Structure formats: structure tokens, C-alpha cells
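In case you want the letters, here they are:
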Amino acid sequence: MSIDYSERIPNNVDLAEDRRLQRALESWQPRFLQWWGEMGPTLPTQDVYLRTAVDVGRAGWAHFDRVRLPDYRWGIFLAERDPDRQIGFGQHKGEPAWQQVPGEHRASLQRLIVVQGDTEPASVEQQRRLGLTAPSLYDLRNLFQVNVEEGRHLWAMVYLLHAYFGRAGRDEAEALLLRNSGSADSPRILGAFNEETPDWLSFFMFTYFTDRDGKYQLGTLKESAFDPLSRTCEFMLKEEAHHMFVGTTGVDRVVERAAQLMREHDTDDIARHGGIPLDVIQKYLNFHYSVSLDLFGGETSTNVANYFSSGLKGRWQEERRADDHVLTSAVTNIEQPDGDRIVSVELPALTALNHDLRTAYIKDCETGVTRWNRILDSHGIGHRLALPHVGFNRKVGAFAGCHVTPGGQVIGAADWAAGRSSWLPTPADKAHVESLMRPVYEPGKISAWLAPPRSGINGQPLDYEYVRF
């Protein structure tokens, strides 16, 4: 396959045929590079062994080579267009997919794209210092792969804003580079993307739980009647899978090492032996899972119901649903607090679409917990990791402001305060994890607080020099 690296912006959207759009994006590019230089990875490197998308084909989207991070070729790629694609849900079900933005849906579509776009640079900002404490070159390379792909996902959303939303879209594209994660004056739009990612256990939990939320949000936008958005998200999901792989296998390796140390020293107290105890892993899991649940919004939403009815945003795997895909009379059950109890109530399915999406997400999250418990089983350890109750530590939705234990018991403020240190990371827990964060940059070597990976990247050996300084 012949790959042309001479283009400033690799793409499959015929950018060369639209000089106005090309000039606009070439004007935005220097500001993006300035943002990357100021808010991207802080660790200076010579080059990194990265996967770069240069086409949507099998060989094109997984092209591996050594790349200087500032020279990474962020591009614009949409999945191939199906000329016969029809809208699969809502009031326009069965009509041809839209190739342009209908005027009556312009503001709503723009908002959906901006919110999704805002999450992409946010995670880069949250993770910018992690390279300074990387436990191995393998992990460092994976961090940078996640970072550059989040940058490319930003480009994907910016392309849509520039191509389809005129001056307002261009202004929003500029604003995506002005907000910063955790900023007091101009924070990112969603709460989870203003939290710190100060250590690698947090990074693994983030890429497992929070990037998994991204998978489900992109999955709903992939169903959109607006075909360019649908095709953009379909391609982004290919790259998102690697981010979740990093999280899944990262937690695997932390649990594996914890189990090894527990057996070797015959104790649960492995902190003094350079490991992360299982109760601390559980606390980190509790925090990142609960924060990620907030990203789904309230259980009920008239806005999301309107998005569905209008064809802007579908359900996860909409085409597999065995219903009318309109939901005018469907109902569903949701949990909500009622005094000191948690009760189930029946609500219209159309207004409970956030709950529907969150339910699919929770089921997916459970697969990782099952996986980690199998690792403990393989070492003869009876301890179990678990997802906390959906009402635990919530700031958004029906359980916001309620005090619910990980086991699902509604308690008072005093009991919550007394139990909090058992359920969420304490300053001492964070200090211990931080104490283990010492960089290992020698090929083939790895920090002692996690197990080595089972295989390298793209067939390379574990002692390959994935990053050069």
C-alpha cells in the first residue's frame, strides 16, 4: 500500500477539493499544535513506536512506525459511506440518512458534537505528566498512543464543526482549545474530565471506566441520522478499543502483582512489600466507576428523548433492538431513592434513555470485574472485587445528594462520613500509590508494583525500545 505522508492533514474527506475548508483547518492546526505543546505530554522524547491512522482500510488505520510526537499526523477519517443507509429510529425511521444538517436540528447537533469533542483534549490534559512516572517503556508507549488518538478524535469533531456549522462551528472549534481540565476559570464541560489523573492506577481505571463511557456515547452517536457524524464515530470506535485494552490489561497486571505478593508474603498487607493492596484497588475502582456513571447524566431526560425522536442520537446497538425503534408507548423500570429505601419505579422508556445506556455500560463493566476476580482465583485468593451500587458516590441523577453505601444501603451523613475512608481513596492511600510511581525507562524492565504484560505491541518483543529519548 502506498501511503502519502506529504499531506499536512491526512484524510478521506476530499479535503483537497474544498479549499475553503482546507484553509480553515490549516489555520486551526497551528493553534492545535500550540495547545499540544503547552498541555500535551510533558516528558521529552525522541520518537515513539505508534499506530497512525492513514486510511480507513485494514492496513491504513493500523500503520505502525516510529514518530516524533509533535510530528504525529493527526488526520480526518470517516468510515466508508453506505449510499443506501436509512435512519433506524425515531420519527424519521426509514428515511434516507442526512448528508447535511437540517436547520431545525442545527443547535442540538452542534451541542452534541461540542460536548463529545470537549472530552478528547481533556483526557490528554489530565494525563500529561504521567510519562514522568511510567512503569515501563511498554506502558509509556501505550500512554502516548492513547494521547495522540484522543488528539485525532478532537480533529474528527473539529472537522464536523468546520465543515457543517459555519461561523458558529469555527468559534466552537476555537473554544475547544481554550477550556482546560481542572481550570477554575474555564473548565472542561463534564465533571469527570476535570478530575486529576495523578498516578498510573488512576490512569488504568480511567481508561477502563471513563473511556468505556466514551465507547457507549460514541455508539449512540454512530446511530445518528446525520451520516457524517455516524461515520466519524464508527471509525473512532476502532481506536477507542485500544484505550479500553490499556485499562483492562493494566488493572489485570496490578491485580496479578498484588496476588503474587499476597501469596509470597502470606499477608493482605502488601503495601510494605511494594504492592497495591486489594482494598486500595477497590477504592480506586469505586471512585472511577461512580464518577464515570455521572457522565451518563440523569436517569430521565426530555432532551435525550427529543434527540432520539428527532433521529440525532440513538440507543446502543439500535439495530439489534427487538422493538418498534420509536418508543411511544414503551416503559422501563429504574431505581431511585425514597427516603431511607431504594425503590423501583416504572417510567416511559423514551425519557429514560440515559438509564438504558447506563445499564448496558454497567453490564460491560462487570466483565472486567469478573476477569480480575478470575486472576485472584488462579492464585487461590478468595477476596472479591466488585462494582459498587449505582447510587454510590453520585453527584448527578436521582442519587445525587444521597448517601448510599457500596452495598446499596441508604445511610445518614454521619455514617457516610464515618465509612468514607473505607470506600474511597484516602490521602494515605494516594500517598502510598504515589510512592510507587517511579519511572522505569530501560527496555524490558518494569516497576515491581505491577506484573509485566503478556505480549508486546504489534508482534514486537517486550524488551523492544518502544520509546527513545
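Everything numeric here is computed off the predicted structure, so don't read it as measured data.

Undergrad: How do you make sense of the overall build of the protein chain when you look at a structure like this?
TA: When you go through the protein chain residue by residue, the secondary structure sums to 11 helices and five strands. Each principal axis of the C-alpha atoms in the protein chain carries an extent, and together these give about 65 × 60 × 40 Å. Across the 469 residues in the protein chain, those meeting the buried criterion constitute 57%. Long-range contacts, defined as pairs at least 24 residues apart, comprise 72% of the intrachain contacts of the protein chain with a sequence gap of at least 6. Accessible area of the protein chain: about 19,600 Å², with a carbon and sulfur share of 47%. If the 51 positive side-chain charges of the protein chain are averaged to one point and the 63 negative ones to another, these points end up 2 Å apart.

Undergrad: Please clarify how the sheet that holds strand β5 (residues 467-468) should be interpreted in this entry.
TA: Here three strands make up an open sheet; going across it, the order is β2-β1-β5 and the pairing antiparallel. Strands at the two margins of the open sheet, each flanked by one partner only, are β2 (63-67) and β5. With five bridges connecting them, strand β1 (residues 47-52) and β2 associate as antiparallel partners. The partner of L50 across the bridge, within β2, is D65. Relative to β1, helix α3 (residues 137-164) is tilted by about 50°, and along the sheet it contacts β1, β2 and β5.

Undergrad: Sorry, what's going on with helix α4 (residues 166-175) here?
TA: Helical geometry: 3.6 residues make up each α-helical turn, so side chains three or four residues apart lie on a common side. Considered for burial, the residues of α4 that qualify are G169, A173 and A175. One side of α4 carries all its buried residues, which in axial view fall inside an arc of 160°. Where α4 is buried, its residues touch α1 (19-39), α2 (106-126) and α3.

Undergrad: I would appreciate a short explanation of the pattern of salt bridges in the present structure.
TA: Where charged atoms of side chains with opposite charge meet at close range, the side chains can pair. Enumeration over the complete set of coordinates arrives at 25 salt bridges. Among the salt bridges present, the one from E125 reaches R188, with a minimum N-O distance of 2.8 Å. Note that E125 is positioned in helix α2 and R188 in the loop between α4 and α5 (200-222), a separation of 63 residues in sequence. By relative accessible area, which is 6% here, E125 ends up buried. Of the charged contacts, one joins R315 and E318 as a salt bridge, the two residues approaching to 2.6 Å between their closest N and O atoms.

Undergrad: How should the environment of V410 be read in this particular structure?
TA: Along the chain, V410 falls in the loop between α9 (353-378) and α10 (413-423). When the C-alpha atoms of V410 and R31 are compared, they prove to be 49 Å apart, with 379 residues separating the residues in sequence. Beyond its immediate chain neighbours, meaning those up to four positions away, V410 contacts G339, D340, R341, I342, H403 and V404.

Undergrad: Where do I start with the packing of α2 against α5 in this structure?
TA: With their axes 12 Å apart at the nearest point, α2 and α5 run at an angle of 160° to one another. Considered as vectors, α2 and α5 are oriented roughly antiparallel to each other. Like other packed secondary-structure pairs, α2 and α5 cross with a definite hand, here left-handed. The segment α2 lies against α5, with L112, Q116, S123 and Q126 engaging F206, Q217, L218 and L221. Class assignment of the residues belonging to the contact of α2 with α5 gives a composition of four nonpolar, four polar and no charged.

Undergrad: Explanation requested: the packing of aromatic side chains in the structure shown.
TA: The geometry of an aromatic ring pair comes down to the distance between the two centres and the angle between the two planes. Across all of its chains, the model carries 32 aromatic pairs by this definition. Ring plane angle 85° and centroid distance 5.9 Å describe the contact between F193 and F206, whose orientation is recorded as edge-to-face. In this pair, F193 is assigned in the loop between α4 and α5 and F206 in helix α5, connecting sequence segments 13 residues apart. Neither residue differs from the other here; F193 and F206 are each classed as buried. Taken together, a centroid distance of 4.9 Å and an interplanar angle of 45° make the contact between Y441 and F469 tilted. In this pair, Y441 is assigned in the loop between α11 (427-436) and β5 and F469 in the segment after β5, connecting sequence segments 28 residues apart. Looking at Y441, the relative accessible area reads 27%, which means it is partly exposed. Judged by relative accessible area, which is 43%, F469 ranks as partly exposed.

Undergrad: Help me understand α2 in this model?
TA: Compared with an ideal rise of 1.5 Å per residue, which puts 21 residues at 30 Å, α2 spans 31 Å between its outermost C-alpha atoms and is within 8% of the ideal. Summarising burial for α2: 16 of the 21 residues are buried, a large majority.

Undergrad: Where do I start with the environment of D279 in this structure?
TA: Tracing the backbone through its elements, the reader meets D279 in helix α7 (residues 278-294). Judged by relative accessible area, D279 falls into the partly exposed class, the value being 42%. In this structure, the C-alpha to C-alpha distance between D279 and L424, residues 145 residues apart in sequence, is 9.7 Å.

Calculation notes
- Residues numbered from 1 in each chain as written.
- Predicted model: local features only at pLDDT ≥ 70, side-chain atom pairs only at ≥ 80, totals over all residues.
- Heavy atoms only, no water.
- Helix = DSSP H or I, 4+ residues; strand = E, 2+ residues; numbered from the N terminus.
- Buried < 20%, exposed > 50% of the residue type's maximum accessible area, 1.4 Å probe, protein only.
- Contact = heavy atoms within 4.5 Å.
- Areas by Shrake-Rupley, 256 points an atom, 1.4 Å probe, with all protein chains shown as cover.
- Lys, Arg positive; Asp, Glu negative; His and termini not counted.
- Charge placed at Lys NZ, Arg CZ, Asp CG, Glu CD.
- Pairing = 2+ DSSP bridges.
- Axes fitted to C-alpha atoms, helices over the stretch in contact; angles between N-to-C directions.
- Arc of directions from axis to C-beta.
- Salt bridge = Lys/Arg side-chain N within 4 Å of Asp/Glu carboxyl O.
- Parallel < 35°, antiparallel > 145°, perpendicular 65-115°, else oblique.
- Left-handed = near helix turned anticlockwise from the far one by under 90°.
- Nonpolar A, V, L, I, M, F, W, Y, C, P; charged D, E, K, R; others polar.
- Phe/Tyr/Trp six-rings, centres within 6.5 Å; stacked < 30°, edge-to-face > 60°.
- Expected span 1.5 Å × (residues − 1).

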